[in-house]
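A look at the structure
Now for the letters of each chain:
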Amino acid sequence: MLGAVLGAVVLGALLLWIARSVIPQTWAWMEDALGHQDAKLAADLGMPDGLAPAEVDGGVEEALTEEQQLALSRSRPNARYETLFGGVPSFRGALLNAGLEDDECAAIERALQHIVDFRRCRPEHRLVVERDEAAGLKRFEYHPSATEFVEVTRGEDGLFRAEQIRVKVERTPIARAASVETSIGDGLAGIGLPAGLATFFVEAFEGQINFALQARKGDVFRIIVDEERVDGAFLRYGRVHAVEYDGQRTGKVQAFYYRAGNTQGQFYDDSGRAMQGGWLRTPLRYDRLSSRYNPRRFHPILKRTVPHLGVDYAASTGTPVWAAAEGRVTFAGRKGPNGNLVVIRHGGGFETAYAHLHRIKGGIRRGTFVKQRELIGFVGSTGRSTGPHLHFGLKKYARALDPLTELNGPGLRMAARDLPSYKDVVTDWQARLSDIANVPKLVEWNGWWWRRFRS
Ligand SMILES: [Zn+2]
């Protein structure tokens, strides 16, 4: 290990030394290459005659300002250079900054007028300019993203024509694993993946795992995600194909992303059943579960046994509350100990209730049709309540049920005709998942937790 570090330091120093000795020669070569054309240009730039670059040996760098040097290098024959759009208010401004002449700007704008929406230009967009052997404008590129650009070329007739070009993105599925120390996001970050990929675990296992309650330190997760590259350079992470969570509380669960037939892509279990049921088991982002479903609970305010027919999610006042599934609102208003209450009737005899709301969202009233995850109100502490929380209740044909166990239900199975090809895909991903060799392992050492890679 120490040897490798020392080796890297020595190599770095050597490279630096080589770079330093090469750079002055590069400069010299560029000065030679300036030639006659540039003497004229320097004169155009308002250089005193005696200081024109071709005439004063080695005096170029001192005589020209940085800006003039830049302009010189950009108007050289066969020049090719890149600039950023920058913080200019117009496309013309960016073209002028990129060293184009007024007539060249006009020609480029004409060619692009029906292709580029000039109002959508952003400072980070790239421009590429190419000049021909007579230093005339030959090609221009506008790159609004890493995956597509517009190319403007000068034809035989001298006119510029634009073409939209899609950059080929190479996608390589990579398989990675890590263990949970504090959260999946941290685990992902620890192996160099974006913490945001944790969303896919939450989405895939929404109906099965409540990570806030069930994740434990040392749980292991695996993920297969597309690494997207353009010309070999890393661009971003793309589609998540498979996720696996192997936890002390959860057991081992897997989900695979698939687009069956014309349906929207989604996560399925290995048998082809959709991971997402028709329910959001947790209709809000909560801090903690403050009281579970309990038919024989001792009530903290009433000081006697009162069944708790729902789940209490503690969250700060104003936290958005969503409909757990699509349905029709059957009650929205104040109702005794419930405080501000919304009740929604769903298919299959189900009914959900959201109590103690600080405020019910405008437009949510009896008869309103709501979609899943539609905002219906905000967490509060109205009615008989000791602090801001959402009381979430579930009934089926008027009988109270525990939402945490009842809304566990799996989604629909995919159509039988899609199953064979899905099974093939799953077999591949499962092999990849089980092949992941380097699972960072937590080992206790001197009372501290250290990450160790098992190979
Ligand atoms: Zn409650």
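Residues numbered from 1 in each chain as written. Predicted model: local features only at pLDDT ≥ 70, side-chain atom pairs only at ≥ 80, totals over all residues.

Examining the overall build of the chain
A tally of helices and strands in the chain yields ten helices and 23 strands. Within the span of the chain, comprising 455 residues, buried residues form 26% of the whole. In the chain, once contacts between residues fewer than 6 apart in sequence are set aside, the share between residues at least 24 apart is 57%. (Helix = DSSP H or I, 4+ residues; strand = E, 2+ residues; numbered from the N terminus. Buried ≥ 20, exposed ≤ 12 C-beta atoms within 10 Å, placed from the backbone. Contact = placed C-beta atoms within 7 Å.)

Concerning the sheet that holds strand β4 (residues 148–154)
Reading across from one edge, β1-β2-β3-β4-β5 is the order of the five strands in this open sheet, with antiparallel pairing throughout. The two strands at the open ends of the sheet, each matched to only one other strand, are β1 (80–84) and β5 (160–166). With strand direction ignored, the average angle separating the axes of adjacent strands in the sheet is 20°. Sheet topology note: the β4/β5 ladder contains seven bridges and is antiparallel. The residue of β5 that forms the bridge with Glu151 is Glu163. (Pairing = 2+ DSSP bridges. Axes fitted to C-alpha atoms, helices over the stretch in contact; angles between N-to-C directions.)

Comments concerning unusual backbone geometry
The phi angle at Asn78 is positive, at roughly 60°, despite the residue not being glycine. Looking at the element boundaries, Asn78 is found in the loop between α3 (66–74) and β1. Not every positive phi belongs to a glycine, and His356 is a case in point at roughly 65°. Judged by local crowding, His356 falls into the buried class, with 24 C-beta atoms found within 10 Å.

Things to note about the confidence of the model for the chain
Low pLDDT marks regions whose predicted coordinates should not be analysed in detail. Looking at the chain as a whole, the pLDDT averages 82, with 80% of positions reaching at least 70. Confidence drops under a pLDDT of 50 for residues 442–455, and excluding neighbours within four residues, the segment shows 20 contacts in the predicted structure. (pLDDT = per-residue confidence, 0-100.)

Describing the environment of Gln248
Of note, Gln248 is situated in the loop between β8 (233–247) and β9 (251–258). Remark: the alpha-carbon pair of Gln248 and Lys217, spanning 31 residues in sequence, is separated by 8.9 Å. Excluding residues within four positions of it along the chain, Gln248 makes contact with Arg216 and Asp219.

A short note on the sheet that holds β9
Across the sheet, five strands lie side by side as β6-β7-β8-β9-β10; this open sheet has antiparallel pairing. This sheet does not close on itself; its edge strands, each paired only once, are β6 (170–179) and β10 (266–268). Mean inter-strand twist for the sheet, computed between neighbouring axes without regard to direction, equals 30°. Summarising the sheet, β6 and strand β7 (residues 220–230) pair through ten bridges and their orientation is antiparallel. By the bridge assignment for β7, Ser179 is matched with Val220. Contacts from helix α10 (residues 419–435) reach β6, β7, β8 and β9 within the one sheet, and its direction differs from that of β9 by about 130°.

Re the nonpolar core
Membership of the largest hydrophobic core comes to 33 residues, with the highest contact counts inside it found for Val321, Val342, Tyr354, Leu357, Ile376 and Leu390. Among the elements of the structure, β12 (311–314), β14 (327–334), β15 (340–345), β16 (350–357), β19 (375–378) and β20 (389–396) are those that each provide at least two residues to this core. In terms of residue count, the dominant contributor to this core is β16 (five residues). Those residues within four positions of Leu390 in sequence are excluded, and the remaining contacts are Leu284, Tyr313, Ala315, Val321, Tyr354, His356 and Val379. Core analysis: the second largest hydrophobic core is formed by 29 residues, Ala198, Phe200, Ile224 and Trp429 among them. (Core = buried A, V, L, I, M, F, W, Y, C linked by C-beta atoms within 7 Å.)

Considering the pairing of β19
Summarising the sheet, strand β13 (residues 320–322) and β19 pair through three bridges and their orientation is antiparallel. Bridge pairing in β19 places Pro320 opposite Phe378. Here two bridges tie strand β17 (residues 359–360) to β19, and the two strands are oriented antiparallel to one another. Each bridged residue has a counterpart across the sheet, and for Arg359 the counterpart in β19 is Phe378.

Description of the environment of Cys105
With respect to the helices and strands, Cys105 occurs in helix α5 (residues 102–112). When the 18 C-beta atoms within 10 Å are taken as the criterion, Cys105 is described as partly exposed. For the pair Cys105 and Ala94, spaced eleven residues apart in sequence, the C-alpha to C-alpha distance is 9.5 Å. Among residues more than four places away in sequence, those in contact with Cys105 are Arg92, Leu95, Leu96 and Leu100.

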